[in-house]
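# Inside the fold
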Amino acid sequence: MFEVVKYRCFFFHLSAFLHYFQAMILLLNHLFIVISCSLFCTAVKRDAPNLRIIGGQETTIIEAPYIASLQRRRGSLAVHICGAVIITRRYLLTAGHCVTDISDELKQGNKEYILLSAKKYIISTGSKYTERGLITRVKRFFVHESYDPTELFYDFGAIALVKNLEFDIETQPAKLPHGNITETSALLNNYSNHRTICKAYGWGVSTARTYSGLKVVDLLMVTADACQESLTKKDLGMINSKIQFCTLEETGKKDACQGDSGGPLSCNGVVWGLVSWGEGCARPGNPAVFARMDVAKNWLEQDVYNIPLQSTSSAQYDIPDEKIIYILILRACFILRRTYYLLK
C-alpha cells in the first residue's frame, strides 16, 4: 500500500512538473514572438524632429520620391537626424557631418572625427511623414577622405543599406547632374549667373510633439563671388566653388535648417546640392551653403562602390546584436521543446 501511494505521489509530481514545463514553453514562445516582432517588424515608434524648412509649404513624397530620412534608433524610438538622397537601390548620399561625430570623448588619436556606428541607424523612405515610411537598416557609413569637419569642405557622406530598396512611385533614385566635372561646373555657373530658383526639401514640426509632412522651399542660387562677399561681410568663413555653391535670400524669410542637412536641392528636376551649412537659419543676408552633388556622385562611383560591404571594420555589422539574440532564443525554444517531448 505504501509503495502504491509512493508511486502515485511520484507520478503526481511528474505530471505537475510536465504541466509547469509546458506552461514555461508557451511563455517562452510568446516571449519569442514579442521579441522577434520588436526586433524585425517595420513598425517603429518615432520621436519628433525639432528643426525644419523655413518659409516653405508642405508637399507630397511623389514630388521628391528620392528623399529619405536618416534616423537614429533609441530603444523603441527612432529620431530624425538628417535628410538623404537615394542614388541606387543600395546607396544614398547625405552630408558628411550627418555620419560623423566630433565629440572629444569619441575621437581616437589625432583624428578630427569618427564615423558613426551604423547599427544604430535606419533609413525611412516612401512617405511624406518621417514616422510612416518603409524602414531599412543601415549597414555602413562612408565619408569623403578629404572631409574637413571645421570648414565643412567635402561634406559628403554615403550610406549603404543592409538590403536593396524597392522602387515604386513614392521611392525613386534622384536624377543627378550628367557629364564630367567641367561640363557640370559650366552648367552650375550658368544657373548661378541667372539666379535660378531651386527647391530644397526637408521635414519639420509645428510643436515638439506634432509631426508635419515633407516641406519644400524655393531658394535663389547665387554666384560664388556673391556668396563669398556675403560671408566675408559677416566674417562667416569661406566656400570652395569647386565643391560648394550657395543660395541667398536677402529677406531671411526662407531657408533650410540643421534638421535638413544632407537633404536635396533640386534645380529644374535635377538634384544639384546637398544641404551642408549656414550661420543660423533664415537670417537676412546669410547664404545657405550646399555640397555639390556632381562631385559627390563622382566620389561615390570612383571610390565608395569599390569598397566591398563585407569588408567592415568590425564584425558587429555582419552579425548584429539583435540577430544574435534571435538565434539564441530560437535555439532555446528548440531545446526546451525537444526536452518536453522526450519527458512526456
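Structure report, in brief. (Residues numbered from 1 in each chain as written. Predicted model: local features only at pLDDT ≥ 70, side-chain atom pairs only at ≥ 80, totals over all residues. Heavy atoms only, no water.)

### Remarks on the overall build of the protein chain
What the protein chain contains, in helices and strands, is five helices and 16 strands. Across the protein chain, the fraction of contacts at a sequence separation of at least 24, relative to all contacts at a separation of at least 6, is 72%. As displayed, the protein chain offers around 18,100 Å² of accessible surface, 57% of which is attributable to carbon and sulfur atoms. (Helix = DSSP H or I, 4+ residues; strand = E, 2+ residues; numbered from the N terminus. Contact = heavy atoms within 4.5 Å. Areas by Shrake-Rupley, 256 points an atom, 1.4 Å probe, with all protein chains shown as cover.)

### Some words on the nonpolar core
Core analysis: the biggest nonpolar cluster contains 31 residues, and Leu70, Leu92, Ile123, Val138, Phe141 and Ile159 have the highest contact counts within it. Residue assignment for this core shows that the elements contributing at least two residues are strand S3 (67–74), strand S4 (77–86), strand S8 (121–125), strand S9 (134–143), strand S10 (157–161) and helix H3 (224–233). (Core = buried A, V, L, I, M, F, W, Y, C linked by side-chain atoms within 4.5 Å. Buried < 20%, exposed > 50% of the residue type's maximum accessible area, 1.4 Å probe, protein only.)

### Concerning the state of the cysteines
On inspection of all chains with the given rule, the structure shows three disulfides. A sulfur-sulfur distance of 2.1 Å marks the disulfide that ties Cys82 to Cys98. With the S-S dihedral at roughly -85°, the linkage between Cys82 and Cys98 falls on the left-handed side. Of the two residues, Cys82 is situated in strand S4 and Cys98 in the loop between strand S5 (91–94) and strand S6 (100–101); the sequence distance between them amounts to 16 residues. (Disulfide = S-S within 2.5 Å.)

### Quick word on the pattern of salt bridges
Tallied over the entire structure, the rule returns five salt bridges. For Lys199, the salt bridge is made with Asp218, and the minimal N-O distance between the two is 3.0 Å. Of this pair, Lys199 sits in strand S11 (residues 197–207) while Asp218 sits in strand S12 (residues 210–222), and the two are 19 residues apart along the sequence. When its relative accessible area of 33% is taken as the criterion, Lys199 is described as partly exposed. For Asp218, a relative accessible area of 28% gives the class partly exposed. Arg292 is the partner of Asp294 in a salt bridge, and the nearest nitrogen-oxygen pair spans 2.6 Å. Look at Arg292 and you get buried, because its relative accessible area is 3%. (Salt bridge = Lys/Arg side-chain N within 4 Å of Asp/Glu carboxyl O.)

### Side note on the packing of helix H2 (residues 181–193) against helix H4 (residues 293–302)
Interaxial distance between H2 and H4 falls to 10 Å at its minimum, and their mutual angle equals 160°. With respect to H4, the axis of H2 lies roughly antiparallel. The two elements H2 and H4 cross, and the hand of that crossing is right-handed. Seen from H2, the contacting residues are Ile181, Thr184 and Ser185; seen from H4, they are Asp294, Val295 and Asn298. (Axes fitted to C-alpha atoms, helices over the stretch in contact; angles between N-to-C directions. Parallel < 35°, antiparallel > 145°, perpendicular 65-115°, else oblique. Left-handed = near helix turned anticlockwise from the far one by under 90°.)

### Examining the packing of aromatic side chains
For the coordinates displayed, the defined rule picks out seven aromatic pairs. Judged by centre distance (5.8 Å) and plane angle (90°), the rings of Tyr191 and Trp272 are edge-to-face. Here Tyr191, found in helix H2, pairs with Trp272, found in strand S15 (residues 270–278); they are 81 residues apart in sequence, far enough to count as distant. Look at Tyr191 and you get buried, because its relative accessible area is 12%. Look at Trp272 and you get buried, because its relative accessible area is 1%. On the numbers, 5.6 Å between centres and 15° between planes, the contact of Phe245 with Phe290 is stacked. With Phe245 in strand S13 (residues 244–247) and Phe290 in strand S16 (residues 288–292), the pair connects residues that are 45 residues apart, well separated along the chain. Phe290 carries the same exposure label as Phe245, and that label is buried. (Phe/Tyr/Trp six-rings, centres within 6.5 Å; stacked < 30°, edge-to-face > 60°.)

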